[in-house]
Amino acid sequence: MATTDAVGAPPAVEANIDDKKGSAQQIDPYNVAGEVDEQGNIKAIDYDRLIQEFGVQPLTPDQLQRFETVTGKKPHRLMRRKLFFSHRDFDKILDAYEQYGTFMLYTGRGPSSGSMHLGHTVPFLFTKELQEIFDVPLVIMLTDDEKYLYTRHKSEGVQKPNCHIPDYLSYAHDNIKDIIALGFDPAKTFIYSDYEFVGGHFYQNINEFESLVTFNQAAGAFGFTGSTNIGLIAFGAKQCVAAFPSSYPSLFGLPDYRAPDYPAAAKRRHKSLASIPTLIPCAIDQEPYFRMLRDRCERMTDPHPKTALILSKFLTALQGPGGKMSASDPNSAIFMSDSASQIKNKINKHAFSGGRESLEEHRRLGGNPDVDVAFTYLSYFLESDEELEELASKYRSGEMLTGEMKQRCIAELQKFVGAFQERRKEVSDEVMRSFMRLRKLEWRGNPNPTKPAPPASVEVPETNGAVAAKKAEKLEVRQKVDAEQGPEQGQGVDGQGT
Ligand code: TRP
């Protein structure tokens, strides 16, 4: 639960455990920490409780089956193994794809440093596969502005030597190159930095969305206080409306209202884009943003369908369950820039083991793969379900030792990171800019939709009567939302979203 001082709290892995004794688990965009009991033991993050608290839905075997029926493809290993474990309206995205053939994918990253770690790649690997399977457009937002504001906030407004806006732009560029090296298709992917891209219809959406959020609602959702800087308080609107296809008319071949042309006909945002649904694959700490978004999609001038989400767990820190990999603690994470020998040393020295105290005991009682970090990493990166199952059972029976599990993990991570580094070398500034250029994206979507007219082309001319009816309907939605949240009430993180 976000408390009022949540945003200033240090990351989980750095926290002084004595101060945290007896504290509940806390997950929000600025904090990821498991419960700490009275003795100071950090517990694993309780994802079932998060499902309850956030009011999201668990991903069910039926939905995985439906995914397979609709796409003809086996669900990604991250879904099969419940690492992407919950959602909002994922079924509606499958419906839209089946009927109209298309939707938009949106994800992002806050560039807080130049180097990405293994955990950061997880939502991107998953998104990349969704893009390949569905053949749909994808936008990736780099929130360099958010990270600048948050750093200023953490340092109580003081400008630190390494905290200038151009530094964050550079982090964004470095991160974009890393993301590209994961293998996205340039024809259907647009990647941007907020500092470079905000403007045009995107800014119209931001501004309108800002008008729908009160200070108390932002404070409730993110734990802001009266001394939070106003940039950070308003930031959520940017991350939210980035989910609207109408923020990116150029990607859909429609004019935007931007320098240097300002086409007069494009002063107004395109209604046709408002009906394209969006799916956001992301880690569950981002959910408070999108709960705020879903509550307001239908109150925009051109109402958007509620944005769908598919949510992942966190890749645990090397030290074990309860924290996540943190860029600010080099020993908690494997970085995408680590050499083969660094990977080997980090796993051997720091990876928490689910094995027993002594060899004899391990052989007799067996190990616990569920808390074993080497096994956990394999469950993210090893493709074969059969091998993973075999490793787990050999470990449980005591046949396989911690050292052997670590060897298998090291080999797999060295392979993944090594191949990444080879591709990363090829990503020049020019390649980076080719993904960041505004252009019409090319995708095909579902080749056989059942209702082929894409929702984007349904432009119904409005009569005065229709306008009046819509106004009344909107007023009703607004009154309903305000009644539920209270117009001046905090939108608590544990208040269930819709
Ligand atoms: N706020 C996110 C972060 O700090 C970055 C982000 C922006 C994002 N838009 C997103 C993440 C959409 C997931 C989905 O990392």
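For the structure itself, look to the data block above.
Here we summarise the structure given alongside this text. It should be emphasised that the depicted structure is a prediction, and the values quoted were computed from it without experimental measurement. (Residues numbered from 1 in each chain as written. Predicted model: local features only at pLDDT ≥ 70, side-chain atom pairs only at ≥ 80, totals over all residues. Heavy atoms only, no water.)

## As for the site of the ligand
Close to the ligand lie 14 residues; Y106, G110, E146, Q239 and Q286 are nearest. Measuring from an oxygen atom of the ligand, one finds a side-chain N or O atom of K147 at 3.3 Å. Notes on the ligand: free accessible area 370 Å², of which the protein chains cover 91%. Counting only elements with at least two residues in the shell around the ligand, the list comes to β5 (104–109), α7 (144–154) and β8 (278–283). Examining the composition of the shell around the ligand, we find that 4 residues originate from one element, β5, more than from any other. In terms of residue class, the shell around the ligand is made up of 5 nonpolar, 6 polar and 3 charged. (Near = heavy atom within 4 Å. Polar contact = N/O pair within 3.5 Å; in protein donor to acceptor, adjacent residues only side chain to side chain. Areas by Shrake-Rupley, 256 points an atom, 1.4 Å probe, with all protein chains shown as cover. Helix = DSSP H or I, 4+ residues; strand = E, 2+ residues; numbered from the N terminus. Nonpolar A, V, L, I, M, F, W, Y, C, P; charged D, E, K, R; others polar.)

## What to know about the side chain of H304
Here H304 is to be found in the loop between α13 (287–294) and β9 (308–312). Relative accessible area serves as the criterion here: at 4%, H304 is assigned to the buried category. At 3.1 Å, the side chain of H304 and the side chain of S246 are in polar contact. (Buried < 20%, exposed > 50% of the residue type's maximum accessible area, 1.4 Å probe, protein only.)

## Focus on helix α3 (residues 61–71)
Turning to α3, its buried residues are Q63, L64, F67, V70 and T71. In a view along the axis of α3, the buried residues occupy a sector of 130 degrees, so they form one face of it. In α3, the exposed residues that point more than 90 degrees away from the buried face are P61, D62 and T69. Directly after α3, the chain includes G72, whose backbone phi takes a positive value near 70 degrees. (Arc of directions from axis to C-beta.)

## Considering unusual backbone geometry
A cis geometry characterises the amide bond from A259 onward to P260, with omega recorded as 0 degrees. Looking at the secondary structure, you find P260 in the loop between α12 (230–241) and β8. Not every positive phi belongs to a glycine, and K82 is a case in point at roughly 60 degrees. Within the element layout of this structure, K82 appears in the loop between α4 (77–80) and β4 (84–88). Classification of K82 by relative accessible area gives partly exposed; the value is 45%.

## Focus on the packing of aromatic side chains
Scanning all chains against the criterion turns up 31 aromatic pairs. For the pair F197 and Y248, a centre-to-centre distance of 5.8 Å together with 10 degrees between the ring planes defines the contact as stacked. Of the two residues, F197 sits in helix α9 (residues 194–197) while Y248 sits in the loop between α12 and β8, which places them 51 residues apart along the sequence. Like F197, the residue Y248 is buried in the burial classification. For the pair Y289 and F290, a centre-to-centre distance of 6.2 Å together with 45 degrees between the ring planes defines the contact as tilted. Judged on exposure class, the residue Y289 and its partner F290 are both buried. Within the aromatic cluster, the residues linked to one another by ring pairs are Y30, Y106, Y150, F222, F224, F235, Y289 and F290. (Phe/Tyr/Trp six-rings, centres within 6.5 Å; stacked < 30°, edge-to-face > 60°.)

## So, empty space enclosed by the protein
Applying the stated criterion across every chain, the model contains 4 cavities of 30 Å³ or more. Here the second largest cavity defines a volume of roughly 40 Å³. Taken together, N205, E208, S246, R269, H270, M300, T301, D302 and H304 make up the full set of residues lining the second largest cavity. Residues that form the lining of the second largest cavity fall into these classes: 1 nonpolar, 5 polar and 3 charged. (1 Å grid on protein atoms, 1.4 Å probe; cavity = no way out; pocket = protein on both sides within 12 Å on 5 of 7 lines; lining within 4 Å. Points joined across faces, edges and corners; volume = space filled by probe spheres on them.)

## Let's talk about the layout of surface pockets
Reported here for the second largest pocket is a volume of approximately 610 Å³. Along the wall of the second largest pocket there are 23 residues; nearest its centre are L83, K313, D370, T376 and S379. Here the lining of the second largest pocket is composed, by residue class, of 13 nonpolar, 4 polar and 6 charged.

## Structural notes on the pattern of salt bridges
Overall, the coordinates contain 31 salt bridges when judged by the stated rule. Across the pair R424 and D178 runs a salt bridge whose closest N-O atoms are separated by 2.5 Å. Residue R424 is found in helix α18 (residues 402–425), and its partner D178 is found in helix α8 (residues 165–180); the two are separated by 246 residues along the sequence. Note on R424: relative accessible area 23%, which makes it partly exposed. (Salt bridge = Lys/Arg side-chain N within 4 Å of Asp/Glu carboxyl O.)

In short, the description is geometric, and any link to function would need to be established separately.
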